[in-house]
Amino acid sequence: MKEKRILFLVLTAFSHTGGIEKFNRALIKALMDLSSTLSLRNSFAGMYDAVVDDRYTASASYRLLKGNKVRFVVSSVLQAFQQDVIILGHLNLALIGVLMKLFAPQKKLIVICHGIEVFDPVSGWKKRALQQADQVLAVSSFTKQQLILKQGLHAEKITVFPNTIDPFFQLPSSFVKPAYLQQRYGISAEEKIIFTLTRLNSSEGYKGYDTLISVLPQLIQQNIPFKYILAGKADAAELQRMQTLIASLGLHNKVMMPGFLADEEITDHYLLADVFVMPSKGEGFGIVYLEAMACGLPVIAGNKDGSTEALQFGELGTLIDPDSEEELASALVKVLGKQHEPKQVQQNMLQYFSFEKFKERLKNVVETV
């Protein structure tokens, strides 16, 4: 079998911990796992990465550019001439793909689109890269539709390529609530825990946690004991906005904002909760939903973005209109009042989004490009 040389370029895979970084790490690991089966020679580079986790790939195969953009672009274009397939992990790397296609049009170019970066029409290098790509991978059917509608791409050029659970994510086998977190947050035995884990950014405004806070008084009116943990790093403006909203509704004893969660505590927070809620309107996919379900947690999400793919169009969780406080409140009451089998929630998710399924999809892409 003829060796196929693949270059995967990313903004970052190891120096940050967001959803795109988790996707990139999974793809790196999958390429390495497939290297012997498909006779691949893989190489990787991260524009902003300063470290590499050798569980995913050996450091020798990964170039760390530590934020040196010019050097990253020049070295990547030069390296691309020695490859058969170049995969751009983000549309912001479009310039490299366009230059490579200009000087070596026979090379195959794959562009990965995660969501919000293609929800509005793009121009310049980004538009050219999408047009010149041999294949575009969209993380959800919703993102694919946006590529067709907003970017004018032909449907046959786009492959839906969903996210996965990280290959090193420790799937819980026991679903007992961690006592140390119950003590930390002052949670009583009868209280139901609502949980959201996301970035709190004042310039985004589409995650829906403010809508969720606004409906919480309805749970109080129905005598449902609860606490809401809204976790994730917040910028100063968004933190102030949320604190003002919480105070205006008299929820200071009900809503906790612990900020950034250490990796070693994330799974325990999922286990602590009774429902994961993020009624977003701008997700390309939403890997956080997979993590919640991996920990046996029922999920409520919005029905107007890529969240629908993560919940398999309602099969794996509850989809609501993210603009409807009435639907959200009703879904919360229903889910909190229902018994769930955590192991079944976990297994249902893995049927669609396990790392092995992810590798199968990648194998098909690599074989056919």
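In short, a report on the structure.

Reading guide: rules and limits
- Residues numbered from 1 in each chain as written.
- Predicted model: local features only at pLDDT ≥ 70, side-chain atom pairs only at ≥ 80, totals over all residues.
- Heavy atoms only, no water.
- 1 Å grid on protein atoms, 1.4 Å probe; cavity = no way out; pocket = protein on both sides within 12 Å on 5 of 7 lines; lining within 4 Å.
- Points joined across faces, edges and corners; volume = space filled by probe spheres on them.
- Helix = DSSP H or I, 4+ residues; strand = E, 2+ residues; numbered from the N terminus.
- Nonpolar A, V, L, I, M, F, W, Y, C, P; charged D, E, K, R; others polar.
- Salt bridge = Lys/Arg side-chain N within 4 Å of Asp/Glu carboxyl O.
- Buried < 20%, exposed > 50% of the residue type's maximum accessible area, 1.4 Å probe, protein only.
- Axes fitted to C-alpha atoms, helices over the stretch in contact; angles between N-to-C directions.
- Parallel < 35°, antiparallel > 145°, perpendicular 65-115°, else oblique.
- Contact = heavy atoms within 4.5 Å.
- Expected span 1.5 Å × (residues − 1).
- Arc of directions from axis to C-beta.
- Pairing = 2+ DSSP bridges.
- Core = buried A, V, L, I, M, F, W, Y, C linked by side-chain atoms within 4.5 Å.

All right, on to empty space enclosed by the protein then. Evaluated as defined, the whole model comprises one cavity of 30 Å³ or more. What the largest cavity holds in volume is close to 40 Å³. Looking at the largest cavity, the residues that line it are Gly205, Tyr206, Lys207, Gly208, Tyr209, Asp210, Glu238 and Arg241. Of all elements in the fold, only helix H7 (209–221) and helix H8 (236–248) reach the threshold of two or more residues within the lining of the largest cavity. Of the residues contributing to the lining of the largest cavity, the split by class is two nonpolar, two polar and four charged.

The next subject is the pattern of salt bridges. Under the definition given, this model contains 19 salt bridges. Across the pair aspartate 33 and lysine 359 runs a salt bridge, and its minimum N-O distance is 3.1 Å. Within this pair, whereas aspartate 33 is found in helix H1 (residues 19–38), its partner lysine 359 is found in helix H14 (residues 355–368), the two being separated by 326 residues in sequence. Relative accessible area serves as the criterion here: at 28%, aspartate 33 is assigned to the partly exposed category. Taking relative accessible area as the criterion, lysine 359 reaches 14% and is therefore assigned buried. With its nearest N and O atoms 2.8 Å apart, the salt bridge here joins aspartate 274 to lysine 177. One end of the pair, aspartate 274, is in the loop between helix H9 (263–272) and strand E11 (275–278); the other, lysine 177, is in the loop between strand E7 (158–160) and helix H6 (179–184), with 97 residues separating them in the sequence.

Contact geometry for helix H10 (residues 287–294) and helix H13 (residues 342–353): axes closest at 8 Å, N-to-C directions at 135°. Relative to H13, the element H10 lies oblique. On H13, the residues that touch Leu290, Met293 and Ala294 of H10 are Val345, Gln346, Met349 and Phe353. Among the residues making up the contact of H10 with H13, the classes are represented as six nonpolar, one polar and no charged.

Our next topic: H8. Each turn of an α-helix holds 3.6 residues, which means side chains three or four residues apart point in the same direction. Its 13 residues place the ends of H8 18 Å apart at the C-alpha level, agreeing with the 18 Å of an ideal helix rising 1.5 Å per residue. Along H8, the residues that are buried comprise Glu238, Met242, Leu245 and Ile246. In a view along the axis of H8, the buried residues occupy a sector of 100°, so they form one face of it. Exposed and facing more than 90 degrees away from the buried side of H8 are Ala236, Ala247 and Ser248. Looking at the buried side of H8, the elements it contacts are H7 and strand E10 (255–259). With its phi angle positive at about 65°, glycine 250 sits one or two positions after the end of H8.

For the rest of this paragraph, the subject is the sheet that holds strand E13 (residues 318–320). With respect to topology, six strands assemble into an open sheet ordered E10-E9-E8-E11-E12-E13, the strand pairing being parallel. Only two strands of the sheet have a single neighbouring strand rather than two, namely E10 and E13. Averaged over neighbouring strand pairs, the angle between their axes works out to 25° when direction is ignored. Bridge count for strand E9 (residues 226–231) against E10 is three bridges, and the pairing is parallel. Bridging across to E10, tyrosine 228 finds its partner in valine 255. Against the sheet, H7 touches strand E8 (192–197), E9, E10 and E11, its axis set at about 170° to E9.

Right, let's talk about the nonpolar core for a bit. Core analysis: the biggest nonpolar cluster contains 67 residues, and Tyr270, Phe276 and Tyr289 have the highest contact counts within it. If you tally residues by element for this core, the top one is H1, at eight residues. Here tyrosine 289 is in contact with Phe276, Met278, Ser280, Glu283, Val299, Ile300, Ala301, Ser307, Ala310 and Leu311, once residues within four sequence places are set aside. One finds Leu7, Ile86, Ala129 and Val136 within the second-largest nonpolar core, a separate group that totals 31 residues.

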